[in-house]
Each structure stands twice: as C-alpha cells, then as structure tokens.
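Commentary on secondary and tertiary structure
As a plain string of letters, each chain reads:
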Amino acid sequence: MTHTPPILTLSAASLDLFLSLLPQSRITREADRITVHADTGDAIWHARGGRWLTTAPGDDTARRFGPQGHVQ
C-alpha cells in the first residue's frame, strides 16, 4: 500500500495574506522555505515555481493516527 500525503498549495499572495494574520514570532523565513510554528507542530511551506506548498495536513494526520503506509 502506498500513501501520498495531502498537499496544500497557495499562491505567494495568498500565503503572504495568511502569514499576515499570524504573530511574526511564530514564523521562520528562509530562502524557499517558511516554517509556521504552531502549538501542535510545525507547518513547513516550500517554494515551488510561483506557488508555495505544504504537506502539513498529512503530517498532522500521521502525528495523530500513525503513518498510513509508504510515501511515494
């Protein structure tokens, strides 16, 4: 069985709007990577082309229920 974690993608403008709602102390910015530090775990956003993506929805599920099989 294989499992592909859910991937959430946002445009740069949408991600910037989302991040503007959060306290800046919860955000770490690096080149092509933004980490949002949440109480339940970090959500890491990666730049891919003109969009930003995260597997945080799948990471959260794995933390709660364990791995769902091999990731491809």
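Our subject is the structure listed above.
This structure is a prediction, so every number in the text was calculated from the model and none was measured.

1. A few points about the sheet that holds strand β5 (residues 41–48)
Pairing is antiparallel in the open sheet, where five strands are placed in the order β2-β6-β5-β4-β3. Two strands in the sheet have a free side with no partner beyond their single neighbour: β2 (8–11) and β3 (27–30). On average, each strand axis in the sheet is tilted by 20° relative to the strand beside it, whichever way the strands run. Across the face of the sheet, helix α1 (residues 12–20) comes into contact with β2, β3, β4 (33–38), β5 and β6 (51–54) while running at roughly 100° to β2.

2. As for unusual backbone geometry
Here the phi dihedral of Asp32 falls at roughly 60°; this positive angle occurs in a residue that is not glycine. For Asp32, the location among the structural elements is in the loop between β3 and β4. Residue classification places Asp32 among the exposed positions, given a relative accessible area of 54%.

3. Concerning the pattern of salt bridges
Summed over all chains, the structure comprises one salt bridge. Its salt-bridge partner being Arg26, residue Asp39 comes within 3.0 Å of it at the nearest N-O pair. Of this pair, Asp39 sits in the loop between β4 and β5 while Arg26 sits in the loop between α1 and β3, placing them 13 residues apart in sequence. On the accessibility criterion, Asp39 (70% relative accessible area) is exposed. Classification of Arg26 as partly exposed rests on a relative accessible area of 31%.

About the thresholds
Residues numbered from 1 in each chain as written. Predicted model: local features only at pLDDT ≥ 70, side-chain atom pairs only at ≥ 80, totals over all residues. Heavy atoms only, no water. Pairing = 2+ DSSP bridges. Helix = DSSP H or I, 4+ residues; strand = E, 2+ residues; numbered from the N terminus. Axes fitted to C-alpha atoms, helices over the stretch in contact; angles between N-to-C directions. Contact = heavy atoms within 4.5 Å. Buried < 20%, exposed > 50% of the residue type's maximum accessible area, 1.4 Å probe, protein only. Salt bridge = Lys/Arg side-chain N within 4 Å of Asp/Glu carboxyl O.

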